[in-house]
Amino acid sequence: MKELKDLVRPNVWVLKPYSSARDEFHGKASVFLDANENPWNVPYNRYPDPRQARLKERIAKLKGVKADSIFLGNGSDEAIDLIIRAFCEPGADSIVTIAPSYGMYEVAAGVNAVECKEVPLDADFGLDAEVVLAEADDRTKVIFLCSPNNPTGNSLDRGSIYKILRRFEGIVVIDEAYIDFSAYPSLLRELDGFPNLVVLQTLSKAWGAAAIRLGMAFASPEIIAVLDKIKYPYNVSLLTQEKALEILDGEEVMRNRVESILSERERLRYLLINKPFFFKVYPSDANFLLVDVGDATAVYDALLKEGVVVRNRDNVRMCHGCLRITVGSPEENDRLLDALGRVCPPIRLQRIIRLMEEKEDGKEGQA
Ligand code: PMP
């Protein structure tokens with residue numbers, strides 16, 4: 001890895017961060033007249049801990065990392081944005097990512113006037129490390145990889161990830177939003193071995209807490225210090241910090257829910273690949289399935305009329321004909337299957353009629 005100083009944007013490197021009232025005060029006090037707060041409406045009148053110390057201690061214990069290796073943000077989307085802002089000079093630098101993958105890397109790069117270079121995955125949605133490395137040049141500061149990947153669902157090959165971590169001299173972000181559904185272990189245990197590694201995780205998926213907005217970035221204390229320097233001072237609300245502490249006490253509840261989602265995922269897969277649907281369902285290490293239904297937009301629209309909303313990925317590179325279906329509760333999945341059973345036969349029939357008409361037209365055209 002290059003020296004961190006040579007990777008971070010020069011203005012960020014020399015930046016003196018805003019120092020909030022709660023940052024400056026250390027020690028014990030009982031009268032707080034330092035932050036222009038309101039004395040009433042306890043406890044919401046007070047700014048929350050800008051360093052999220054208690055929550056970081058809790059997460060450190062849970063994940064087996066040091067607290068100073070953790071950045072907490074308003075969802076992992078905040079971390080994605082801050083990583084690009086910290087390392088990439090607008091109008092000059094670039095990121096490299098894979099395609100198809102999570103759309104926010106490209107959007108966050110675009111907002112920051114940073115070029116986003118996309119490397120297509122292979123036909124099985126596999127990662128070719130050599131192609132990714134070849135796409136990165138002098139101005140590429142960050143490579144974003146997502147594993148398990150969204151929307152494809154598969155985990156990326158470990159060997160290829162290690163190759164990129166070893167050979168790329170910039171920052172490598174591994175987005176592990178779906179890691180708790182995966183058969184593979186997290187790359188968190190590799191933090192000590194790779195100074196350029198940033199691992200993203202979130203409370204939005206396995207922990208079932210998308211509403212509270214808590215994302216985590218794990219990296220060396222030096223990288224974390226850079227992200228902390230440019231974040232909003234109070235980026236994680238008191239409500240989020242407290243609710244997160246409560247939720248994280250329920251690890252067993254989380255594991256049981258993940259188990260249920262995994263068994264439902266396999267039930268759904270089985271039912272979708274067999275009679276009467278015969279869909280192609282891609283392998284998934286996440287809490288969703290990428291399903292090739294043929295006429296994806298027609299099926300999507302028809303499901304919507306049945307009150308079932310899935311994600312139409314028809315226009316996404318390499319996902320033509322596909323819907324991304326989140327695994328829900330057994331009842332929700334049954335409703336999806338019932339609705340598919342009703343909407344698919346007429347759509348198939350229309351398709352056959354259309355194909356026959358096109359064939360007829362072709363014949364007439366030749367005559
Ligand atoms: N990464 C991936 C791969 C995702 O799919 C998502 C959400 N769909 C996120 C990050 C964002 O998660 P959060 O709710 O923590 O912002």
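You'll find the structure just up there.
Rules used in this analysis
Residues numbered from 1 in each chain as written. Predicted model: local features only at pLDDT ≥ 70, side-chain atom pairs only at ≥ 80, totals over all residues. Heavy atoms only, no water. Helix = DSSP H or I, 4+ residues; strand = E, 2+ residues; numbered from the N terminus. Expected span 1.5 Å × (residues − 1). Buried < 20%, exposed > 50% of the residue type's maximum accessible area, 1.4 Å probe, protein only. Contact = heavy atoms within 4.5 Å. Pairing = 2+ DSSP bridges. Axes fitted to C-alpha atoms, helices over the stretch in contact; angles between N-to-C directions. Polar contact = N/O pair within 3.5 Å; in protein donor to acceptor, adjacent residues only side chain to side chain. Near = heavy atom within 4 Å. Areas by Shrake-Rupley, 256 points an atom, 1.4 Å probe, with all protein chains shown as cover. Nonpolar A, V, L, I, M, F, W, Y, C, P; charged D, E, K, R; others polar. Phe/Tyr/Trp six-rings, centres within 6.5 Å; stacked < 30°, edge-to-face > 60°. Lys NZ or Arg CZ within 6 Å of the ring centre and 35° of its normal.

**Student:** Whenever I open this one, helix α5 (residues 76-87) confuses me. Can you help?
**Tutor:** A turn of α-helix holds 3.6 residues, and therefore any two residues three or four places apart point the same way. End to end, α5 covers 17 Å across 12 residues, agreeing with the expected 16 Å (1.5 Å per residue, within 8%). For α5, a buried count of nine out of 12 residues is recorded, marking the element as mostly surrounded by other parts of the structure. For α5, the set of buried residues is Ser-76, Glu-78, Ala-79, Ile-80, Leu-82, Ile-83, Ile-84, Ala-86 and Phe-87.

**Student:** Got a minute to help me understand the environment of Leu-187 in this structure?
**Tutor:** Looking at where Leu-187 falls in the secondary structure, it is placed in the loop between β5 (171-175) and β6 (197-202). Look at Leu-187 and you get buried, because its relative accessible area is 1%. Sequence separation between Leu-187 and Leu-200 is 13 residues, and the spatial gap between their C-alpha atoms is 9.9 Å. Contact partners of Leu-187, with chain neighbours within four places excluded, come to Arg-158, Ile-161, Tyr-162, Ile-174, Glu-176, Leu-197 and Val-199.

**Student:** Teacher, can you tell me more about the sheet that holds strand β8 (residues 280-281) here?
**Tutor:** Sheet strands associate in pairs through backbone hydrogen bonding, adopting either a parallel or an antiparallel arrangement. Reading across the sheet, the four strands line up as β8-β9-β11-β10 and stay open at both edges, with antiparallel pairing between neighbours. Looking along the sheet, the strands with just one partner apiece sit at the ends: β8 and β10 (311-312). Summarising the sheet, β10 and strand β11 (residues 322-326) pair through two bridges and their orientation is antiparallel. Counted as the bridge partner of Asn-312 is Leu-323 from β11. Seen against the sheet, helix α11 (residues 251-273) touches β8 and β9 (288-292) and runs at an angle of roughly 10° to β9. Against the sheet, helix α12 (residues 296-305) touches β10 and β11, its axis set at about 40° to β11.

**Student:** Before we go on, may I ask you to explain the sheet that holds strand β1 (residues 70-73) in this structure?
**Tutor:** On the basis of which strands lie adjacent, the open sheet formed by seven strands has the order β1-β7-β6-β5-β4-β2-β3 and mixed pairing. Each end of this open sheet is capped by a strand with a single partner; those strands are β1 and β3 (115-120). Looking at each pair of strands side by side, their axes are set apart by 25° on average, direction ignored.

**Student:** Just to check I follow, could you spell out the side chain of Asn-150 for this structure?
**Tutor:** Looking at where Asn-150 falls in the secondary structure, it is placed in the loop between β4 (140-146) and α8 (158-167). Separated by 2.9 Å, the side chains of Asn-150 and Arg-324 make a polar contact. With near-sequence residues (within four places) excluded, Asn-150 lies in contact with Pro-100, Ser-101, Tyr-102, Tyr-178, Phe-288 and Arg-324.

**Student:** Help me understand the site of the ligand in this model?
**Tutor:** Lining the immediate surroundings of the ligand are 13 residues, of which Ser-76, Asp-175, Tyr-178, Thr-202 and Ser-204 lie closest. Tyr-178 is positioned with one of its side-chain polar atoms (N or O) 2.7 Å from an oxygen atom of the ligand. Here the ligand, which alone exposes 390 Å², has 91% of that area covered by the protein. Within the shell around the ligand, the residues separate by chemical class into four nonpolar, five polar and four charged.

**Student:** What am I meant to see in the packing of aromatic side chains here?
**Tutor:** The relative placement of two aromatic rings is captured by the distance of their centres and the angle of their planes. Per the counting criterion, the structure on display carries eight aromatic pairs. Ring geometry for Phe-125 against Tyr-282: centres 5.0 Å apart, planes inclined by 55°, an arrangement best described as tilted. You can see Phe-125 sitting in the loop between β3 and α7 (129-135) and its partner Tyr-282 sitting in the loop between β8 and β9, a full 157 residues away along the chain. Here the two residues Phe-125 and Tyr-282 agree in accessibility, since each one is buried. Counting every residue linked through ring pairs, the aromatic cluster contains Tyr-102, Tyr-105 and Phe-144. Above the face of the Phe-288 ring, Arg-324 is positioned so that its terminal group lies 5.6 Å from the ring centre.

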